[in-house]
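The chain contents come next:
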Amino acid sequence: MAEQKRVRLLDAEVARKIAAGEVIDRPNAIIRELMDNAVDSGATKIDVEIEGGGIEKIRVVDNGCGMSKEDLMQCARPHATSKISTETDLLHLSTLGFRGEALSSMAAVSRLEIISGGNKMNASVTEDHLITPTSKTEGTIVQTKGLFENFPARRQFLKRPASEGIMCRGTFEEKVLPRPDIAFTFTSEGEEKLNLPAGQTLKERFVQVNQYFENEELFYEITEEKPSDKFSFTLIIGEPSVTRSSRKDISIYVNGRKIQEYSLIQAIVYGIQGYFPNGSFPVACLFVQIDSSLVDFNIHPAKREARFKDINSLHHEVSTATRNFFRQYTVKTMLAENEAPAMDNSSIAQLAFNTDISETNKISAFETPDLYFEEKNSVVSKYTIKSPADTSVSYVDVKRSSGNFSSSSPSGNRTKFFGESSPLSKEPRENFMSEVSYKPNFIPDNFAKSNIEKEEDGFHFVGCTMGTFLIAEKNGILYIIDQHAAHERMLYDRLMAEAKEKQNLLVPYTIQTDSEADDKYIEAIKDKLKETGFECKNCGNGRWEFSTVPARWKGKEEDLKKDVLDRRVNPADIMNSVIASTACRTAVMDGTVLDNQTAAEIARGALELPDPHCPHGRPVFTTITRTQLFSLVKRT
């Protein structure tokens, strides 16, 4: 039987060290707290220096407002702070620091020195706020030495200096990201590792700090154009070619603090669905500014988490902005891929002979493609995208159909001319040469006009290859099409168009909300739910009844509650996963042998898709232009 021990009060010094260990657990925690204080002081330049991975020394210099002698005499005592004075101030925090625990914790586990306003203060286990005069400096210099040297039990659990130094730099990078208006430098072992000038954009700061191997031009800055009086946000995100296998490269900042907020990461992931390859995630960083009365940071020792009064509207806006951006990006990419250079006369002249023939018998085989086309029902998007090359570029959201193109493909006409369908190919070569005269851009009278009529829109199906790809040509561009992805997208679009068909429920599904905020959320999306096929009514006391659901939706009552309330799925996306899965299983698979007519129909349909990506985000086709082919074979 264990020996019974009496309850006793801990010695003040022991209690202080325990409390200090909750705030300062390793060197990077000191950097976190001191950089917060420097930013709160209004500094425009902050320098961070470390030695021995921050174990031996950490020094933070700023040019902020500084401290008076009276402030220095109190600053390292427990719960001494200038940020708040009453408990109601916790509901309206405007600073990064506010608890008054950092400096006292540093003094408990290291030798703390602060220089400001012509005075120097030393505090440690053996020194209690010793003030000595010194030369006057701008701002404040804070330095700690010998971390945990008086606390061996904690020091032995620190990592090697090199590893601690890496964590110190990681914390430094985390703190500098949301403040591109401040200049920062990071120096380790006397060598400057990072120098960040003031006046950068959020995207420039993000790219420079993270040093990704992808080019800066592959990242974009999305800013909410009509911020509400409650919140605003900016999202830095890479294009679909910049992917990662996990969510770890998605960061969330709220009022300058990096926090762990799954719902906002989820909002970004929902926004990219259908544009990124299945199972991949973007590189992104969300910066949110929100009314301080609507968020509580005082729930985590390191302020890593926050509690929001109502995160639903922010979640919806972030998800919608992300989705709209990638919709515009897809349209922009499609239009750019269709802008192929016209064939010049010198290239055409290489393909023909020079003889006389009547002008009335000329039929152009190589007309210039009309690549700049418009649709009658084009819709101009209200969103803008910022990129390095241009600060604001608007894109047209085009729904393409099989429009008329005033061109025919050069290689397609040459294939017809020498193909088996042409009656000329059946004549002996010498007769063929003697009976037909040539001149640039001409086709003889006896050429089969039916072949020309088949390709008036510039489309020419070449064939299938490798059991997976379809080859087609249109307007001088060679398309290599993934038959499964193309067919899957075509089926998906057709099923989505039919997804609004409803079925009445004999027994309505019931959802019981937990708060008034949930009721407001359902009320806000009620009309969108109805458009999707989910009709509901508020029965009072947090009880909602759903009388209809989409005909193709096979979920249960608990699935509906999970999608609507727990996961906060956009109503338009509730059917997305169901239909995407159906389309994937129904589409022709890799290795399926197609007859020419079916293959040609899929190829033509693929080039007419409004969004040339399968529902899981993979591109339907890739392209090769004439110029690229010439370059590949070293032809000029």
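This section reports on the structure supplied with the text. A quick note: this is a predicted structure, and the numbers were derived from the prediction, not measured.

### Brief notes about the side chain of H484
- Assignment of secondary structure puts H484 in helix α14 (residues 483-498).
- A polar atom in the side chain of H484 sits 2.8 Å from the backbone oxygen of V588.
- Discounting chain neighbours no more than four positions away, the residues touching H484 are C584, A587, V588, M589 and R618.

### A few points about helix α18 (residues 596-607)
- The first and last C-alpha atoms of α18 sit 17 Å apart over 12 residues, in line with the 16 Å expected at 1.5 Å per residue.
- Of the positions making up α18, those classed as buried are A599, A600, I602, A603, G605, A606 and L607.
- Against the buried residues of α18 lie β20 (459-465), β21 (469-474), β22 (477-482), α14 and β26 (621-625).
- The opening residue of α18 is D595, an N-cap whose side-chain oxygen sits 3.1 Å from the backbone nitrogen of Q597.

### Describing the packing of aromatic side chains
- Counted under the stated rule, the structure contains 14 aromatic pairs.
- Residues F325 and Y329 carry aromatic rings whose centres are separated by 6.3 Å and whose planes lie at 35 degrees to one another, so their mutual orientation is tilted. Taken as a pair, F325 and Y329 lie in helix α9 (residues 312-337) at a separation of 4 residues, close to a single helical turn. Grouping residues by exposure puts F325 and Y329 together as buried.
- Between Y479 and F621, the ring centres sit 5.2 Å apart and the planes meet at 85 degrees, which makes this aromatic pair edge-to-face. With Y479 in strand β22 and F621 in strand β26, this residue pair connects regions lying 142 residues apart in the sequence.
- When its relative accessible area of 4% is taken as the criterion, Y479 is described as buried.
- The rings of Y220, Y275, F276, F325, F326 and Y329 are connected pair by pair, giving a single aromatic cluster.
- Above the ring of F151, the side-chain terminus of R154 is found at 5.8 Å from the ring centroid.

### Section: the sheet that holds β26
- With antiparallel pairing, the 4 strands of this open sheet are ordered in space as β20-β21-β22-β26. One side of each edge strand has no neighbouring strand; the edge strands of this open sheet are β20 and β26. Averaged over all neighbouring strand pairs, the angle between strand axes comes to 20 degrees, with direction disregarded.
- In terms of strand pairing, β20 meets β21 through 6 bridges, oriented antiparallel. Within β21, the position partnered with F461 by the bridge is A472.
- Packing against the sheet, α18 makes contact with β20, β21, β22 and β26, and its axis sits at approximately 120 degrees to β20.

### Observations concerning the pattern of salt bridges
- Taken as a whole, this structure holds 18 salt bridges when the rule is applied.
- Its salt-bridge partner being K57, residue E51 comes within 3.4 Å of it at the nearest N-O pair.
- In the salt-bridge network here, residues are joined through shared partners; they are E214, R244, K248 and D249.

### Some remarks on the packing of helix α2 (residues 27-40) against helix α4 (residues 102-109)
- As a packed pair, α2 and α4 sit with axes 10 Å apart at the nearest point and diverge in direction by 145 degrees. Viewed along their axes, α2 and α4 form a crossing whose handedness is left-handed. On α4, the residues touching I30, E33 and L34 of α2 are A102, L103 and M106.
- Partitioned by chemical class, the residues of the contact of α2 with α4 number 5 nonpolar, no polar and 1 charged.

### Focus on the nonpolar core
- Core analysis: the biggest nonpolar cluster contains 55 residues, and I46, L112, F172 and F206 have the highest contact counts within it.
- Top element by residues in this core is α2. It accounts for 7 residues.
- The residues touching F172, leaving out its near neighbours within four places in the chain, are I31, M35, V48, F184, T185, F186, L194 and L196.
- Listed in part, the 34 residues of the second largest apolar core include Y220, L235, F276 and V288.

### Quick word on the sheet that holds strand β10 (residues 231-238)
- Pairing is mixed across the open sheet formed by 5 strands, whose spatial order is β9-β10-β15-β12-β13. The open sheet has two edge strands, β9 (219-223) and β13 (257-259), and neither has a second partner. Each adjacent strand pair in this sheet contributes to an overall mean axis angle of 20 degrees, direction not counted.
- Relative to β13, strand β12 (residues 250-254) runs antiparallel, the two being bridged by 3 bridges. Looking at the pairing, I252 lines up with I259 of β13.
- Seen against the sheet, helix α8 (residues 262-272) touches β10, β12 and β15 (284-290) and runs at an angle of roughly 130 degrees to β12.

### So, unusual backbone geometry
- A positive phi angle is found at F148, which is not glycine, with a value near 60 degrees.
- Its relative accessible area of 1% is what places F148 among the buried residues.
- A positive phi angle, close to 50 degrees, is found at Q211, a residue other than glycine.
- In this structure, Q211 sits in the loop between α7 (202-210) and β9.
- When its relative accessible area of 54% is taken as the criterion, Q211 is described as exposed.

### Digging into helix α16 (residues 557-566)
- The complete set of buried residues in α16 reads L560, D563, V564 and L565. Around the axis of α16, the buried residues are gathered within 165 degrees of arc, so they sit on the same side. In this structure, α16 carries E558 and D566 as exposed residues pointing more than 90 degrees from its buried face.
- Looking one or two places after α16, you find R568, whose phi comes out positive at around 55 degrees.

### Re the environment of L609
- Its location among the elements puts L609 in the loop between α18 and β26.
- Judged by relative accessible area, L609 falls into the buried class, the value being 4%.
- With 116 residues separating them along the chain, L609 and D493 place their C-alpha atoms 8.9 Å apart.

### A look at the environment of R585
- Take R585: it is sitting in helix α17 (residues 576-586).
- Expressed as a C-alpha distance, the spacing of R585 and E488, which sit 97 residues apart in the sequence, is 8.3 Å.

### Structural notes on the pairing of strand β1 (residues 45-51)
- For β1 and strand β7 (residues 183-188), the ladder comprises 6 bridges, and the chain directions are parallel. Pairing of I46 across the sheet is with F184, part of β7.
- Where β1 and strand β2 (residues 57-62) come together, 6 bridges link them in antiparallel fashion. Each bridged residue has a counterpart across the sheet, and for E51 the counterpart in β2 is K57.
- Between the antiparallel neighbours β1 and β2 lie 5 residues, among them G52 with a positive phi of about 60 degrees.

Basis of the calculations
- Residues numbered from 1 in each chain as written.
- Predicted model: local features only at pLDDT ≥ 70, side-chain atom pairs only at ≥ 80, totals over all residues.
- Heavy atoms only, no water.
- Helix = DSSP H or I, 4+ residues; strand = E, 2+ residues; numbered from the N terminus.
- Polar contact = N/O pair within 3.5 Å; in protein donor to acceptor, adjacent residues only side chain to side chain.
- Contact = heavy atoms within 4.5 Å.
- Expected span 1.5 Å × (residues − 1).
- Buried < 20%, exposed > 50% of the residue type's maximum accessible area, 1.4 Å probe, protein only.
- Phe/Tyr/Trp six-rings, centres within 6.5 Å; stacked < 30°, edge-to-face > 60°.
- Lys NZ or Arg CZ within 6 Å of the ring centre and 35° of its normal.
- Pairing = 2+ DSSP bridges.
- Axes fitted to C-alpha atoms, helices over the stretch in contact; angles between N-to-C directions.
- Salt bridge = Lys/Arg side-chain N within 4 Å of Asp/Glu carboxyl O.
- Left-handed = near helix turned anticlockwise from the far one by under 90°.
- Nonpolar A, V, L, I, M, F, W, Y, C, P; charged D, E, K, R; others polar.
- Core = buried A, V, L, I, M, F, W, Y, C linked by side-chain atoms within 4.5 Å.
- Arc of directions from axis to C-beta.

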